[in-house]
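Residues per chain are reported as follows:
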Amino acid sequence: VAMSQSGSAVVTWQKHDGLAISIWSSRYEMGLGWSQAEKLETDDTYPAYLPKIDVDSAGNASVVWEQYDSVSAKYSTWGAHYNLATGWSTATVISNVDNQSAYDAQIAVSDNGRAVAVWEQFDGTRFNVWTNVAQNGVWGNAERVEYNTTGANEYYLPQVAIDQTGTAMVVWQQFDGNQLSAWSNRLLNGTWEVAQRIEANDI
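The rules behind the values
- Residues numbered from 1 in each chain as written.
- Predicted model: local features only at pLDDT ≥ 70, side-chain atom pairs only at ≥ 80, totals over all residues.
- Heavy atoms only, no water.
- Helix = DSSP H or I, 4+ residues; strand = E, 2+ residues; numbered from the N terminus.
- Rg over C-alpha atoms; globule rule 2.2 N^0.38 Å.
- Buried < 20%, exposed > 50% of the residue type's maximum accessible area, 1.4 Å probe, protein only.
- Contact = heavy atoms within 4.5 Å.
- Lys, Arg positive; Asp, Glu negative; His and termini not counted.
- Charge placed at Lys NZ, Arg CZ, Asp CG, Glu CD.
- Pairing = 2+ DSSP bridges.

A.B. asks: How would you explain the overall build of the chain if you had to name every residue and give the values?
C.D. replies: Counting its secondary structure elements, the chain contains 0 helices and 20 strands. Radius of gyration (C-alpha) of the chain: 17 Å, near the 17 Å computed for a compact globule of 203 residues. Counting only C-alpha atoms and orienting by the principal axes, one finds that the chain spans roughly 55 × 40 × 30 Å. Put simply, the chain has 203 residues, and 47% of those count as buried. A separation of at least 24 residues holds for 39% of the contacts in the chain among residues at least 6 apart in sequence. Separation of charge centres in the chain, based on 10 positive and 23 negative side chains, amounts to 1 Å.

A.B. asks: Can you explain the pairing of strand β13 (residues 127–135)? Please cite residues and give values.
C.D. replies: Summarising burial for β13: 7 of the 9 residues are buried, a large majority. In this sheet, β13 lies alongside strand β12 (residues 114–122) in antiparallel orientation, the contact comprising 9 bridges. Bridge pairing in β13 links A115 to A134. Where β12 folds back onto β13 in an antiparallel hairpin, the turn is made up of 4 residues, including G124, whose phi is positive at roughly 100°. The pairing of β13 with strand β15 (residues 143–144) spans 2 bridges and is antiparallel. Within β15, the residue paired with W130 across the bridge is R144. Bridge count between β13 and strand β14 (residues 138–139): 2 bridges; the pairing is antiparallel. Across the sheet, Q135 pairs through a bridge with V138, a residue of β14.

A.B. asks: Could you give an account of unusual backbone geometry, with specific residues and numbers?
C.D. replies: Positive phi, close to 55°, is recorded for D104, a residue that is not glycine. Positionally, D104 belongs in strand β11 (residues 101–109). Phi is positive for N189, which is not a glycine, with a value near 55°. Structurally, N189 is set in the loop between β18 (180–188) and β19 (191–192). We classify N189 as exposed; its relative accessible area is 72%.

Right under this line is the structure:
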């Protein structure tokens, strides 16, 4: 669930209807109460899990989730956007890398409508941290926020936060073959900086 500065709220959940596990949503408005529940994706063949949601200052919302596709035999990260004037957009895949499964999506939305989604994605050898950025519901291209493609490094459990202007911070845990460390990367002026370790305890 996420709530705007004006007191409106949007909630999402996964629901099994006897055929499939789907993503649903409802909206709360002061003085009106909760809206009728609405399904955000229409594929009743494959399950969808673990929705996450956030809103901008006006109450426009962005939601992400993971969903299985038997054609590609992978999980993908999906997204949808709620606009106060037009309602929910059509759900779309935002983890646009073929033959790689994406899991554990998270999202943060700034006051000015920038949404940053992050997830962990398996490339067949290791897990990496990926992201996609949207402005007012329009998603860009998925990209990695860490760059080490050699050795035993694996990247897990990303989290994201964002300020009022759209500057975002992503953190994750990284395994180098010996231990787990905490790492981060920052989105500044629409560009990701270089990933850096944020603690130095090698014991």
